[in-house]
Amino acid sequence: MSQRWSPRSWRDKVVTQQPIYQDPEALDDVLARLRSLPTLVTSWEVESLKAQLAEVARGDRFVLQGGDCSESFSDCNSEVITAKLKILLQMSLILVYGCKKRVIRVGRFAGQYAKPRSLDTESRGEETLPSYRGDLINRSAFTAADRNPDPELLIEGYERAAMTLNFIRALTAGGFADLHHPDYWDLNFVSHSAQAEEYHAMVATITDSIRFLETVTGSELSDIGRADVFASHEGLLLPYEEAQTRQVPRRSGWYDLTTHFPWIGNRTRDIDGAHVEFFRGIANPIGVKIGGQITPDELVRLAEVLNPDREPGRLTLIHRFGADEIGSGLPPLIEAIKKSEQVVVWMCDPMHGNTETTPDGLKTRHFDNILRELDEAFTLHCQAGTWLGGVHFEMTGENVTECLGGARGLSPDDLKQTYKSQVDPRLNYEQALEMALLIARRMDG
Ligand code: PEP
Ligand code: CO
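One structure accompanies this document, and this report is about it. Not measured: the values here are computed from a predicted model.

**Some points on the overall build of the protein chain**
Across its full length, the protein chain holds 12 helices and 14 strands. Whereas a compact globule of 445 residues would reach a radius of gyration of roughly 22 Å, the protein chain reaches 21 Å, a difference of no more than 12%. With the principal axes as the frame, the protein chain shows a C-alpha extent of 65 × 50 × 45 Å. For the protein chain, the exposed surface amounts to about 18500 Å²; the carbon and sulfur share of it is 49%. Considering the protein chain, the positive charge centre built from 48 side chains and the negative charge centre built from 65 side chains are found 4 Å apart.

**Quick word on the packing of aromatic side chains**
Considering all chains together, one arrives at 5 aromatic pairs under this definition. A centroid spacing of 6.4 Å and a plane angle of 45° characterise the contact between W5 and F278, whose relative ring orientation is tilted. On the criterion of sequence distance, the pair formed by W5 in the segment before α1 (24-36) and F278 in helix α8 (residues 274-281) is long-range, its members being 273 residues apart. A residue is classified by how much of its surface remains accessible, and F278, at 0% relative accessible area, is buried. Between F62 and W387 the ring centres are 6.1 Å apart and the planes differ by 70°, which places this aromatic pair in the edge-to-face class. Of this pair, F62 sits in strand β1 (residues 61-67) while W387 sits in the loop between α11 (367-384) and β14 (388-394); the two residues are 325 residues apart in sequence, bridging distant segments of the chain. Note on W387: relative accessible area 28%, which makes it partly exposed. Site record: aromatic cluster; members linked through ring pairs are W5, W254, F278 and F279.

**A few points about the site of ligand 1**
Near ligand 1 you find C69, R108, K115, P116, W263, G265, N266, K289, R320, H352 and E394, and these make up its full shell. Between ligand 1 and K115, the relevant distance is 2.7 Å, taken from an oxygen atom to a side-chain nitrogen or oxygen of the residue. Within the side chain of E394, a nitrogen or oxygen atom sits 3.0 Å from an oxygen atom of ligand 1. Within the complex, the protein chains bury 96% of what would otherwise be the 300 Å² of accessible surface of ligand 1. Residue classes in the shell around ligand 1 are distributed as 3 nonpolar, 3 polar and 5 charged.

**As for the coordination of the cobalt ion (ligand 2)**
For the cobalt ion (ligand 2), every protein donor is listed as C69 (SG), H352 (NE2), E394 (OE) and D424 (OD), and the spread of their distances is 2.1 to 2.4 Å. On the primary sequence, the residues serving as donors to the cobalt ion (ligand 2) are separated as C-x282-H-x41-E-x29-D. You can see C69 sitting in the loop between β1 and α3 (78-99) and its partner D424 sitting in the loop between β14 and α12 (429-444), a full 355 residues away along the chain. Considered together, C69 and D424 belong to a single accessibility category, that of buried residues.

**A word on a nonpolar patch on the surface**
On the surface, a cluster of nonpolar side chains totalling about 310 Å² of accessible area is made up of F212, L213 and V216. The residue L213 is located in helix α6 (residues 194-217) in this model.

Cut-offs and rules
- Residues numbered from 1 in each chain as written.
- Chains lettered and ligands numbered in written order.
- Predicted model: local features only at pLDDT ≥ 70, side-chain atom pairs only at ≥ 80, totals over all residues.
- Heavy atoms only, no water.
- Helix = DSSP H or I, 4+ residues; strand = E, 2+ residues; numbered from the N terminus.
- Rg over C-alpha atoms; globule rule 2.2 N^0.38 Å.
- Areas by Shrake-Rupley, 256 points an atom, 1.4 Å probe, with all protein chains shown as cover.
- Lys, Arg positive; Asp, Glu negative; His and termini not counted.
- Charge placed at Lys NZ, Arg CZ, Asp CG, Glu CD.
- Phe/Tyr/Trp six-rings, centres within 6.5 Å; stacked < 30°, edge-to-face > 60°.
- Buried < 20%, exposed > 50% of the residue type's maximum accessible area, 1.4 Å probe, protein only.
- Near = heavy atom within 4 Å.
- Polar contact = N/O pair within 3.5 Å; in protein donor to acceptor, adjacent residues only side chain to side chain.
- Nonpolar A, V, L, I, M, F, W, Y, C, P; charged D, E, K, R; others polar.
- Donors = N, O, S within 2.8 Å, 3.2 Å for Na, K, Ca; no water.
- Patch = residues over 30% accessible without salt bridge, like charges linked within 9 Å, V, L, I, M, F, W, Y side chains within 5 Å.
- Salt bridge = Lys/Arg side-chain N within 4 Å of Asp/Glu carboxyl O.

Okay, here's the thing in structure tokens:
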């Protein structure tokens, strides 16, 4: 691996999962505009997250990362963004209750617009067109014009990410995330479910405890009034990431300021590839998705390339094996990382190894398999003496029907009711809340 790094040194490597733009000059023009626009996040927010993740690496905090598989531009509106924030806040509160540690909230939002695909093209009948790769790249309708990668979408994605972040920042700064008012976070449509009752009982206990402490100490508890929420996305479309990668005054290094926490997908983590080259040089905390194909030796080499200084908080390994594979796949990786003396955050993504297709051809996941993988992840890390520092979900605050099971026992027939995802199936609001309650019970026990 060459030691010289620049935001564009990835261009000398083999790059996968990128669209082919018909008009390279139009792309260059867009990238020049993106370079001239302000960044979406700041280096001190990024460093603050890295410091918090270092505490996760030490076993002192927990991370909840979650959101859509693929955000869509049409969902950039107040209602949907509020619902995303609400479910993240509610789940994090449940996890705090369960693990008795501070929980970092990281949304898969404000830029989760580019998707890796297994095939470059999609065929329907006689017609073959480029695959849909996310709203940052092309449009999902099956016409040649819609599927043609359009560089202007990079600007549109940047703008939507900025609007999303702006709204989330305004909500959290304005008291929406205040623990004195968890009632603001209620999503009405499940107010009668068993999960909602259990959640409300938990919230009542928490608010009573806060009131009690405030009465006894005669002062307001600090930090209760606001919750930090960080943004993340898969750093897939490298020209977009490169255009917002900057040096900042009074700090060394380069920051990818499209988001706080970019991650490398399971399909683009080739140690000699362009994505690893780009990620090794940025100063952000980063994630890398790892599945059953990676060998212990390869993982140790990858971790050394991505975190040569063994900086705590820098590298999060997000494992996603599937409920049947984690038992054989994870322990050798944990042992190899322990032996290498790397410092990492371990996180479990119980979604991406558990995808199946219904007889009707809908992509889905079963609630029980998601829970089984998570449960096993807790057991395996406990046996190895490592801290499972976080969980990573595809979920939504909306009342969709994309995953099977959960308290309402959604069946394959139910999925057709409100199946909205363009890519992977998400836990709906009620399923996400139930999942958090079950993890909290497990961590409390
Ligand atoms: C994703 O997170 O949506 C994804 C594509 O995951 P993975 O890279 O783990 O397959
Ligand atoms: Co996905």
